[in-house]
Amino acid sequence: MKQTSNRGLVMQLLLFTAGSFAFGFALVPLYSVLCQVWNTGNRWYGTQTAEASVIERPVTDRVVTVEFVANIPHAGAWEFKSQVPSIKVQPGKLYSTSFYARNLTDRAVVAQAVPSIAPQTIARYFRKTECFCFTPQNFSSGEGREMPVRFIVDPDLPLDVDRITLAYSFFDAPQVAAVSR
Amino acid sequence: MKTVSTNNVSADRHDDHKPSGIGRWLFATNHKDIGTMYLVFSCIMFFIGGAMALAIRAELFRPGMQFFDPGFYNQMVTNHALVMIFGAVMPAFVGLANWMIPLQIGAPDMALPRMNNYSFWILPFAFTLLLGSLFTPSGGPAGGWTMYPPLSLQSGNSFPMMIFAVHLMGASSIMGAINVIVTILNMRAPGMSLLKLPLFCWTWLITAYLLIAVMPVLAGAVTMLLTDHYFGTSFFNPAGGGDPVMFQHIFWFFGHPEVYILILPAFGIVSEIIPTFSRKPMFGYDAMVYATASIAFLSFIVWAHHMFTVGMPLAGQMFFMMSTMLIAVPTGVKVFNWTTTMWKGSLSFEPPMLFALAFLFLFTIGGFSGLMLAIVPADYQYQDTYFVVAHFHYVLVPGAIFAIMAAVYYWLPKWTGTMYDMTLAKWHFWVSTVSVNVLFFPQHFLGLAGMPRRIPDYNVQFTDWNMVSSVGGFVFGFSQLVFVWVIIKAVRGGPPASAKVWDADMPGLEWSVPSPAPYHSFDTPPDVH
């Protein structure tokens, strides 16, 4: 019977182990790719880039409720809220609303808003032409301001969806560059 | 299957020369010494983890807060799981592998004795680190053994201690696994082809491959947690573009094969014991090997059934539901073969057989509740309730742990050379088997009625079954002292055991050496036809 020497076999198995360790890290980009392909998982794919152009073609006989949620994940020193809790929209028509944020600290802070859309499978039907989440936001001490969002709900939105939730989490962004998918 | 034609043990006893003093254990390279240390270590951990379980059951005896604050309760839940999985069950299987694999394949020792020593001696350090974290000012890890972020990142000083403890446990089990693979592939006696390998060795060979495939993935996942916490990476931090749900995917990619790491060697043990006490060869030996391999393969593609409720597309839910249910097929083959082995056999009911039979019944109950949990719409109801707790305790306690006890009762005379106290062992069996059901069966009812897991207090409607469960828990816990007493008595002395030990015609090579097995066995390889 042909067999590998102990040393050879141990080397193969150690290589196998190293490969498994590398595979654990490879799962990170792998999941990102799979989620994009299957349009699932991370809910903000495509939600942090502006649409180059949108053509308005309103569907007048359909109304969808868009809800706005503002989150501050850690006990950050922020005031952050949506100007309106929700609006009723017609698919295919451009709308704008705004969020209000105020820095409660006495120093300048950079913040980044990360959007999330529910139900997660319809993220690609929710298009933003302008959003404060596209770039890090600078706030001087105590500064508060309105931040606009302009969006359009795609007329091809599946018929069983009549309610969309747009949630923003507002993070202190010390390592700014972060983000931006 | 195979017969043994030579008995290599000569009368001059040179093979029984042992090193003396503490050095025998510190620098041990003998597979029997290391096996013994693993088994003693896992027994100590079993009682430490058991004490934590009793603390949990004491707190849950009635509603309201009795003994601890919720934070300490959460530490108990988290550490109970880590200690039992990585400290009790896995080292016990490695200890059995160390003792029995060389004896079963006719090898003089494990292939890599020095690494064997390292892989054991890492463990006490790992668990000193883990259990030591309980004494840090902020307490031990309390975010659950699954270490989900962001909660686990908030556990204070115990967090890095837990991470490094997990790294060490992983390193130890990877080394143990490599040792098992090299031993089985390279050191079999001449004539022992792979399909003549005893089933305990087969299941361990496959388990060892699972270990080197997934323990490094766990190491990677906890390393990512560590760098997220201390080095500003954003693997799981949405502020930097990460996703906490991804941790769950990576964790359970390790976690599901891990549950088979905890049960496949148990399948092997039961496949050794049932034929012996049925006085028949194993029914469907080849099918058992292929079933084990199929289970191992399927374990890699079912991980998301642990997390149906985090949200995934319908197609994903369907895939993970179907592939999970598919595992019932090879597992069913195994249960069928064990049952068929007993069919028309000359059964006798010594303690190892009793434990193996209890395993067969009670593990199957755990398997069925697993099937219920695999059904996506039902899982939305069961998720994070006591039904899940009942399910995995049925497969791990009367499953994995009963199989370990069966193995100890089966091979103990071979280790000590004395017959243990049968009456006491049968008492241990009956008290354990009745109490383990009193302990875990009511948890099915609690879960179906909606009692959530991982909470120190509960609604008064759940009181009765919690009381029953706690009573069962305490009886089960203290009845394990009988187990220890049986072993201590047998080590101290008793009626000598014969080389065959059991009144049956067993083909295994371990029965060709005298009892106790000499310190050095199979210096010249036996002949296997």
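Our subject is the structure that appears above.
Positions within a chain are numbered from 1, following the residues in the order the chain's sequence is written. Chain letters start at A and ligand numbers start at 1, both assigned in the order the entries are written. Thresholds applied to this predicted model are a pLDDT of at least 70 for local features of residues and 80 or more for the giving and counting of side-chain atom pairs; totals over whole chains, interfaces and linings are not thresholded and use all residues. Calculation of side-chain values draws on the structure's entire complement of heavy atoms; hydrogens and water are dropped beforehand.

Some thoughts on a nonpolar patch on the surface
Residue and element names in this part refer to chain B.
And then number 1: A residue counts toward a patch only above 30% relative accessible area and without a salt bridge, and it is joined to like-charged neighbours within 9 Å or, for Val, Leu, Ile, Met, Phe, Trp and Tyr, to nonpolar neighbours within 5 Å. Accessible surface area values rest on a Shrake-Rupley calculation with a 1.4 Å probe, where residue burial reflects the displayed protein chains alone. The term salt bridge refers to a side-chain nitrogen of Lys or Arg lying within 4 Å of a carboxyl oxygen of Asp or Glu. A cluster of nonpolar residues, Trp430, Val434, Val438, Phe441, Phe445, Trp465 and Val468, forms a patch on the protein surface that exposes about 620 Å² of accessible area.
And then number 2: A run of H or I in DSSP counts as a helix once it spans at least four residues, and a run of E counts as a strand once it spans at least two, with each numbered from the N terminus. Listed by contribution, the elements that provide at least two residues to the nonpolar patch are α15 (422–448) and α16 (463–492).
And then number 3: With respect to the secondary-structure elements, Phe441 resides in helix α15.

Here's the deal with the sheet that holds strand β4 (residues 94–103) of chain A
Residue and element names in this part refer to chain A.
And then number 1: At least two DSSP bridges between two strands are required for those strands to pair. Taken together, the four strands give an open sheet; going across it, the order is β2-β4-β8-β6, and neighbouring strands pair in antiparallel fashion. If you trace the sheet from one side to the other, it starts and ends with β2 (78–82) and β6 (126–131), each paired once. On average, each strand axis in the sheet is tilted by 25° relative to the strand beside it, whichever way the strands run.
And then number 2: By the bridge criterion, five bridges tie β2 to β4 in an arrangement that is antiparallel. What sits directly across from Phe80, in β4, is Ala101. Axis lines are fitted to C-alpha atoms, over the contacting stretch for helices. Their N-to-C directions set the angle, which ranges from 0 to 180 degrees.

Brief notes about the side chain of Glu350(B)
All names here are of chain B.
And then number 1: In this structure, Glu350 sits in the loop between α11 (328–342) and α12 (351–374).
And then number 2: We call a residue buried when its accessible area falls under 20% of the maximum for its residue type, exposed when it is over 50%, and partly exposed in between, using a 1.4 Å probe and counting protein chains only. Asp and Glu count as negative and Lys and Arg as positive, but His and the ends of the chain are not part of the count. The buried charged residue Glu350 lacks any salt bridge, with Arg279 as its nearest oppositely charged partner at 4.4 Å.
And then number 3: Residues contacting Glu350, with those up to four places away along its chain left out, are Phe277, Arg279, Met422 and Trp502. Whether two residues touch is decided by their heavy atoms; if any such pair falls within 4.5 Å, the residues are in contact.

Remarks on the packing of aromatic side chains
And then number 1: Centres within 6.5 Å make a pair out of two Phe, Tyr or Trp rings, where for Trp the six-membered ring is used; the pair is then stacked when the planes are under 30 degrees apart, edge-to-face when over 60, and tilted otherwise. The tally for this structure, following the rule as stated, stands at 62 aromatic pairs over all chains.
And then number 2: Relative to Phe363(B), the ring of Phe267(B) has its centre 5.3 Å away and its plane inclined at 85°; by these criteria the two rings are edge-to-face. Here Phe363(B) lies in helix α12 and Phe267(B) lies in helix α8 (residues 264–278), a separation of 96 residues in the sequence. The pair formed by Phe267(B) and Phe363(B) is uniform in burial state, with each residue classed as buried.
And then number 3: Arranged with centres 5.1 Å apart and planes meeting at 45°, the rings of Tyr409(B) and Tyr420(B) form a pair that is tilted. Taken together, the residues span a long stretch of sequence, with Tyr409(B) in helix α14 (residues 386–416) and Tyr420(B) in the loop between α14 and α15 at a distance of 11 residues. The exposure classification of Tyr409(B) matches that of Tyr420(B), with both residues buried.
And then number 4: An aromatic cluster is present here, built from Phe68(A), Trp78(A), Phe80(A), Tyr95(A), Phe99(A), Phe126(A), Phe132(A), Phe139(A), Phe151(A), Tyr168(A) and Phe170(A) joined pairwise through their rings.
And then number 5: Here the guanidinium or amino end of Arg145(A) rests over the ring plane of Phe139(A), the centre of that ring lying 4.2 Å away. Two conditions define a charge sitting above a ring: the NZ of Lys or the CZ of Arg must be within 6 Å of the ring centre, and it must be within 35 degrees of the ring normal.

So, the state of the cysteines
Residues and elements named next belong to chain A.
And then number 1: Defined by distance alone, a disulfide is two cysteine sulfur atoms within 2.5 Å. Scanning the model with the defined rule gives one disulfide over all chains in all.
And then number 2: The disulfide bridge from Cys131 ends at Cys133, spanning 2.3 Å between sulfur atoms. Taking the torsion about the S-S bond as the criterion, the Cys131 to Cys133 disulfide, at about 130°, is right-handed.
And then number 3: Since its relative accessible area comes to 7%, Cys131 is described here as buried.

Quick notes on the sheet that holds strand β1 (residues 64–71) of chain A
Residues and elements named next belong to chain A.
And then number 1: Taken together, the five strands give an open sheet; going across it, the order is β3-β1-β9-β5-β7, and neighbouring strands pair in mixed fashion. Each edge of the sheet is formed by a strand with only one pairing partner; in this case those strands are β3 (86–89) and β7 (137–139). Averaged over all pairs of adjacent strands, the angle between strand axes in this sheet comes to 25°, irrespective of strand direction.
And then number 2: Pairing geometry for β1 and β3, over four bridges, is antiparallel. Paired with Val64 across the bridge in β3 is Val89.

Overview of the pairing of β4(A)
All names here are of chain A.
And then number 1: Among the 10 residues of β4, seven are classified as buried, and the element is accordingly described as predominantly covered.
And then number 2: Summarising the sheet, β4 and strand β8 (residues 144–153) pair through nine bridges and their orientation is antiparallel. Note on β8: the bridge partner recorded for Phe99 is Met147.

A word on the packing of helix α3 (residues 70–105) of chain B against α8(B)
Between two packed helices, both the angle of their axes relative to each other and the distance between the axes serve to describe the pair.
Residues and elements named next belong to chain B.
And then number 1: It is the contact of α3 with α8, at a shortest axis distance of 12 Å, that shows an interaxial angle of 45°. Between α3 and α8, the interaxial angle falls into the category oblique. The two elements α3 and α8 cross, and the hand of that crossing is left-handed. Note on element contacts: α8 touches α3 through Pro265, Ala266, Ile269 and Glu272, opposite Phe93, Leu96 and Gln104. Should an angle lie under 35 degrees it is considered roughly parallel, over 145 roughly antiparallel, and from 65 to 115 roughly perpendicular; all remaining angles are considered oblique. Helix crossings fall into two classes, left-handed where the near helix is turned counterclockwise from the far one by less than a right angle and right-handed where it is turned clockwise.

Examining the interface of chain A and chain B
And then number 1: With 30 residues of chain A in contact, the opposing surface of chain B contributes 36 residues.
And then number 2: When two components associate, each loses some accessible surface as probed by a 1.4 Å sphere; the sum of these losses over both components is called the buried area. Each partner contributes to the roughly 2,700 Å² buried at the junction of chain A and chain B, and carbon and sulfur atoms together form 69% of this total.
And then number 3: Joining chain A to chain B, the criterion identifies zero salt bridges.
And then number 4: Nitrogen and oxygen atoms within 3.5 Å of one another constitute a polar contact, given that in protein one can donate a hydrogen and the other can accept it, and given that sequence-neighbouring residues count only through two side-chain atoms. The interface formed by chain A and chain B holds four residue pairs in polar contact (both at pLDDT 80 or more) in total.
And then number 5: Per element, the largest residue contribution to the side of chain A that touches chain B is 15 residues, and it comes from helix α1 (residues 6–37) of chain A.
And then number 6: In this classification, the charged set is Asp, Glu, Lys and Arg, the nonpolar set is Ala, Val, Leu, Ile, Met, Phe, Trp, Tyr, Cys and Pro, and all remaining amino acids, among them Gly, are polar. Of the residues in the side of chain A that touches chain B, the class split is 17 nonpolar, 11 polar and two charged.

Brief notes about the pattern of salt bridges
And then number 1: Following the criterion strictly, the structure yields nine salt bridges over all chains and no others.
And then number 2: Glu143(A) is paired through a salt bridge with Arg145(A); the nearest N and O atoms lie 2.8 Å apart.
And then number 3: Arg453(B) serves as the salt-bridge partner of Asp384(B), at 3.8 Å between the closest nitrogen and oxygen. Placement of the pair is Asp384(B) in the loop between α13 (376–382) and α14 and Arg453(B) in the loop between α15 and α16, with a sequence separation of 69 residues.
And then number 4: Taking the relative accessible area as the measure of exposure, Asp384(B) reaches 38% and is therefore partly exposed.
And then number 5: Taking the relative accessible area as the measure of exposure, Arg453(B) reaches 17% and is therefore buried.
And then number 6: Within the structure, one salt-bridge network assembled from shared partners comprises Glu79(A), Lys81(A) and Arg102(A).

Overview of the pairing of strand β5 (residues 109–118) of chain A
As a general feature of sheets, a regular strand has side chains that alternate between the two faces.
All names here are of chain A.
And then number 1: Across the 10 residues that make up β5, a large majority, seven, are buried.
And then number 2: Pairing geometry for β5 and strand β9 (residues 163–172), over eight bridges, is antiparallel. For Gln112, the partnering residue across the bridge sits in β9 and is Phe171.

Notes on the side chain of Ser152(B)
And then number 1: Counting through the fold element by element, Ser152(B) comes out in the loop between α4 (113–132) and α5 (158–186).
And then number 2: Look past the residues within four positions of Ser152(B) in its chain and what remains in contact with it is Met147(B), Phe159(B) and Leu225(B).

Some details on the environment of Tyr382(B)
Residue and element names in this part refer to chain B.
And then number 1: Tracing the chain through its elements places Tyr382 in helix α13.
And then number 2: Separated by 66 residues in the primary sequence, Tyr382 and Leu448 place their C-alpha atoms 6.9 Å from one another.
And then number 3: Tyr382 has contacts with Met372, Leu373, Phe387, Val388 and Leu448, leaving out every residue within four places of it along the chain.

Side note on the environment of Gly140(B)
Residue and element names in this part refer to chain B.
And then number 1: Within the secondary structure, Gly140 is located in the loop between α4 and α5.
And then number 2: Classification of Gly140 as buried rests on a relative accessible area of 3%.
And then number 3: Along the chain, Gly140 and Met161 lie 21 residues apart, while their C-alpha atoms are 8.9 Å from each other.
And then number 4: Those residues in contact with Gly140, other than ones at most four positions away along the chain, are Gln75, Ser133, Leu134 and Ser158.

So yeah, pure geometry; function would need other evidence.
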